[in-house]
Amino acid sequence: MTSSLPTPDLNPVGDWCGADPFAPDFRDNPYPSLHALRAREPVNLTPVNTWRISRYADVQTIFQKAKTGMTLADGSAPNFDPLDQRGSFLDFMLNKDDPEHARLRLLAMKSLGPHTARLMEDEVKKSVEQTIDRALAQGGMEVIEDLACYVPSRMICQIMGVPQQDRGLFNEWTGARTNAFFGRFLPPEVQQRTRDAGSAMADYFDNLVRERRGRLGDDLVSALIRAEEQGDTLRDGELVVQAIGIIVAGYETTIGLIGNGLRALLDHPEQLALLREDPSLINNTIDECLRFDTPILFNWRVLKEPFEVSGKLLPADAVIWQMLASANRDPERFDDPDRFDIRRRDVSHLSFGGGVHFCLGNSLARMEGRHALNQFAQRTKGLEIRQGNLEWSHSFFRVMARLPITFH
Ligand code: HEM
């Protein structure tokens, strides 16, 4: 009788070192266990055969010096569920290496860069104003639905050319779809929900692309169609996958910035008071929010050749999870890292990743965050704000589903 060997990535070779991302308390507050992990084993081989890097300096070194790519030597994606086919992120720019990555990134850059952030600014300011008007009239709000999701979803749908009446569809799909980035390791029911969201989004964008071909506009989906029609090398399906990836990136992360950022300000009323006194602190506040509670806990890379990190030699084809959330709270890098301090002088967090994949939407996200948090702070002056019970979303990112607040 032959015994069947476990697949290599599920062979329990390492250990979670007390920081098990599947443990129930990890979601509520991952920071104590990330501190313990960093102190005990900063370069940690996990039970799923991936290497977690948790010191700031090591994450930076990998971004700057290691020869890395996004896929394994055999071309497969280390974190993805192999059965997740329709709408799969395999062809999304984030999963590609140069030259394909550079080509796809260039096609989207114009629509997601600082120029678009400037064009969208009035619109975003208006959506925040309307939201706060409603909240003040009603005596409170559901922070995630009314502000943290409402503002980015309107903006990204407009950039993509998704009609505003379809926006609600994505509230559910994008959260579910983030799990694809980690799909290989998730329970079967979550894998199925993630695949279903991929299929639904692929159907949606197939239709939108078909419809848009007849009447191109100045949106990002039209820009991708034009690139294809002008003989660029967007292959079959690539267009739809870029659209899915960008809408997921534009929605879920910014919900995290606005939601987690507002929660941090509410939990630290003296910091909220500082922002109210001096609105020019807003840029630093955004960076401190991103450092303090990043929407994406870790990203990934694959080593193309052996590389030494903190005294450990990692082999070629090692899958690396760069623990951005841990690096952002590394005491060797930040004074008193668990203190939320919007006047902190050095807030160079790693929440937007690094190297060639550095977040393409960072100017848009910062602009949305600035308006949401600053207007909230200024227009709720003099009110006592009470928080209700928060609920985490089923997103793979660190994003809440609900955070009710009332004004008194
Ligand atoms: C606070 C909000 C955001 C955070 C924390 C964030 C974070 C990230 C991270 C960690 C990465 C991967 C970087 C790496 O692996 O080195 C990334 C990539 C990316 N992000 Fe963001 N993001 C945010 C907002 C946005 C927005 C609003 C958009 C678009 C509208 C966007 C579009 C993208 C794209 C297209 C990529 C892939 C870039 C590439 O592969 O070259 N992001 N983001």
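Predicted model, so just to flag it, every value in this text is computed and none were measured.

Colleague: Quick rundown of the overall build of the protein? Include the residues and the values.
Modeller: Per the secondary structure count, the protein includes 14 helices and 12 strands. Taken over the C-alpha trace, the protein has a radius of gyration of 21 Å; the compact-globule value for 408 residues is 22 Å, and the two agree within 12%. Taking the principal axes of its C-alpha atoms as reference, the protein extends roughly 70 × 55 × 40 Å. In the protein, buried positions account for 56% of the 408 residues. Counted over contacts in the protein with a minimum sequence separation of 6, partners at least 24 positions apart contribute 74%. When the accessible surface of the protein is summed, it comes to about 17,600 Å², and 52% of that surface belongs to carbon and sulfur atoms.

Colleague: Go over the coordination of the iron atom of the ligand, please, and point to the residues and values.
Modeller: Each angle at a metal carrying four tetrahedral donors should ideally be 109.5 degrees, and each at a metal carrying six octahedral donors should ideally be 90 or 180 degrees. A lone protein donor binds the iron atom of the ligand: Cys 359 (SG), at 2.3 Å. Note on placement: Cys 359 falls in the loop between α13 (324-327) and α14 (362-379).

Colleague: Tell me about the site of the ligand, and name the residues and values.
Modeller: Neighbouring the ligand are 28 residues; His 101, Arg 105, Arg 301, His 357 and Cys 359 lie closest to it. Measuring from an oxygen atom of the ligand, one finds a backbone N or O atom of Gly 354 at 3.0 Å. A distance of 2.7 Å separates an oxygen atom of the ligand from a polar side-chain atom of His 357. Secondary-structure elements contributing two or more residues to the shell around the ligand are α4 (100-112), α10 (238-267), β5 (299-303) and α14.

Colleague: Could you give an account of the domain arrangement of the protein, naming the residues involved and the relevant values?
Modeller: For the protein, the assigned domains are domain 1 (12-71 + 297-347) and domain 2 (108-292 + 351-407). Distance from the C-alpha centre of domain 1 to the C-alpha centre of domain 2: 25 Å. Contact residues are listed per partner, giving 28 residues for domain 1 and 31 residues for domain 2. When the two sides are added together, the surface that domain 1 and domain 2 hide from each other amounts to roughly 2,700 Å², 60% of it contributed by carbon and sulfur. Contact with domain 2 buries surface across domain 1, with Arg 27, Phe 340 and Ile 342 losing the most and accounting together for 35% of the total. A salt bridge links Glu 288 to Arg 344, with the shortest nitrogen-to-oxygen separation between them at 3.2 Å. Summed over the shared surface of domain 1 and domain 2, the number is 18 residue pairs in polar contact (both at pLDDT 80 or more). Broken down by element, the side of domain 1 that touches domain 2 gets its largest block of residues, three residues, from β5. For the side of domain 1 that touches domain 2, the per-class residue count stands at 16 nonpolar, three polar and nine charged.

Cut-offs applied
Residues numbered from 1 in each chain as written. Predicted model: local features only at pLDDT ≥ 70, side-chain atom pairs only at ≥ 80, totals over all residues. Heavy atoms only, no water. Helix = DSSP H or I, 4+ residues; strand = E, 2+ residues; numbered from the N terminus. Rg over C-alpha atoms; globule rule 2.2 N^0.38 Å. Buried < 20%, exposed > 50% of the residue type's maximum accessible area, 1.4 Å probe, protein only. Contact = heavy atoms within 4.5 Å. Areas by Shrake-Rupley, 256 points an atom, 1.4 Å probe, with all protein chains shown as cover. Donors = N, O, S within 2.8 Å, 3.2 Å for Na, K, Ca; no water. Near = heavy atom within 4 Å. Polar contact = N/O pair within 3.5 Å; in protein donor to acceptor, adjacent residues only side chain to side chain. Domains from an automatic or database assignment. Buried area = accessible area lost by both parts, 1.4 Å probe. Salt bridge = Lys/Arg side-chain N within 4 Å of Asp/Glu carboxyl O. Nonpolar A, V, L, I, M, F, W, Y, C, P; charged D, E, K, R; others polar.

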